[in-house]
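# Commentary on secondary and tertiary structure
Next come the chains, spelled out residue by residue.
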Amino acid sequence: MIDYTKISPELPVLIAGPTASGKSALALEIAARQGGQIINADALQVYDGWRVLTARPSLEEEASAPHRLYGHVPFDADYSVGHWLRDVLPLLKENVRPIIVGGTGLNFTALTQGLAEIPETPPKIRELADGLDLKTMLDRLDREDPVLANRIDRQNRMRVQRAWEVLEATGRPLSNWQADTPAPALPLVQCHPIVMDADKEWLNARIEKRFDLMLEGGALDEARTLAPIWHRAKGAAKAIGGPELISYTRGEMTLEDAREASIIGTRQYAKRQRTWFRARMKNWHSVALP
């Protein structure tokens, strides 16, 4: 349970947690009680096209409190942690208390610990990396960036590929770039950071129920709308359940198979999130769920 008397209305609030843990509802409750604008820190809710499937706040919820950085990135664009940090910095200077909420831990790390200014990956190198298997990339990181290779999630292809791309594009290990990280925009001591600590079984049940509600609430309509332009999708293609629902609309999967694969994928993602948060957010105010 949240003790709202311990949250100063003067401080920015950060709310992190695994998918389906109730972060957005908590952000709305804090905004209703104490005021503030809700700022998205989720890597997938930034994209247009997937409102239902990525559990973006509804139009009614957005009308009840100011919401920023939701659905503002085109479906066919790339969007990195660096993009997000650049977008959020001007909002911190507005005379409105920020309530920053999301499930992407790296966004919070960049905000509260700083982010190295690493050059963008050229398209040709990105294309080359897309064709490599995970082991090939890890083997190179083990040789040329062992510092990063020892601390990275070696099963997370996106993180491994990013490190490989930086090494290939700049000739400099990502760990070296990170060592030159500038001062954070919002140090942890200057805000009220909350992390949702969800029980596995409780969360798994919520994930299944929520996905069924998504199917009933318009996710299939979103998939049918996006299917003709799916080949152009970039970051938005990472939405869990997106490829499966697109496959269903094309007759390549049954709805039951698409549903099952999407729920399994979401549960696996939530497991990675819980592990990440527990390892790296020990100084945050933990809220046990349920």
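Rules used throughout
- Residues numbered from 1 in each chain as written.
- Predicted model: local features only at pLDDT ≥ 70, side-chain atom pairs only at ≥ 80, totals over all residues.
- Heavy atoms only, no water.
- Helix = DSSP H or I, 4+ residues; strand = E, 2+ residues; numbered from the N terminus.
- Buried < 20%, exposed > 50% of the residue type's maximum accessible area, 1.4 Å probe, protein only.
- Contact = heavy atoms within 4.5 Å.
- Salt bridge = Lys/Arg side-chain N within 4 Å of Asp/Glu carboxyl O.
- Polar contact = N/O pair within 3.5 Å; in protein donor to acceptor, adjacent residues only side chain to side chain.
- Pairing = 2+ DSSP bridges.

This part is about the environment of Phe 277. Along the polypeptide, Phe 277 turns up in helix H13 (residues 255–280). For Phe 277, a relative accessible area of 4% translates into the label buried. Counting along the chain gives 11 residues from Phe 277 to Ala 288, while the straight-line C-alpha distance between them is 13 Å. The residues contacting Phe 277, other than those within four sequence positions of it, are Ala 16, Gly 17, Pro 18, Gly 103, Gly 105, Val 195 and Lys 282.

Let's shift gears to the pattern of salt bridges. All told, the structure shown has 19 salt bridges when counted by the stated rule. When the shortest N-O distance is used, the salt bridge between Lys 135 and Asp 139 registers 2.8 Å. Of the two residues, Lys 135 and Asp 139 are both situated in helix H6 (residues 134–144); the distance of 4 residues between them amounts to about one turn of the helix. A relative accessible area of 56% places Lys 135 in the exposed class. Arg 140 is the partner of Glu 168 in a salt bridge, and the nearest nitrogen-oxygen pair spans 2.5 Å. Taken together, the positions of Glu 168 in helix H8 (residues 157–170) and Arg 140 in helix H6 put the pair 28 residues apart, joining distant regions of the chain. The partly exposed category is assigned to Glu 168, whose relative accessible area is 33%. On the basis of relative accessible area, Arg 140 is assigned to the buried category, the value being 16%.

Mapping Thr 19 onto the fold places it in the loop between strand S1 (13–16) and helix H1 (23–34). Within polar-contact distance, the side chain of Thr 19 engages the side chain of Arg 210 at 2.5 Å. If we skip the residues at most four places from it in the chain, Thr 19 touches Leu 203, Ile 207, Arg 210, Thr 266, Tyr 269, Ala 270 and Gln 273.

Where burial is concerned, the two faces of strand S2 (residues 37–40) agree: the one with Gln 37 and Ile 39 and the one with Ile 38 and Asn 40 are both buried. Here S2 pairs with strand S4 (residues 98–102) via 4 bridges, running parallel. Paired with Gln 37 across the bridge in S4 is Pro 98. Pairing between S2 and strand S3 (residues 67–68): 2 bridges, direction parallel. Across the sheet, the residue bridging to Ile 38 is His 67, located in S3.

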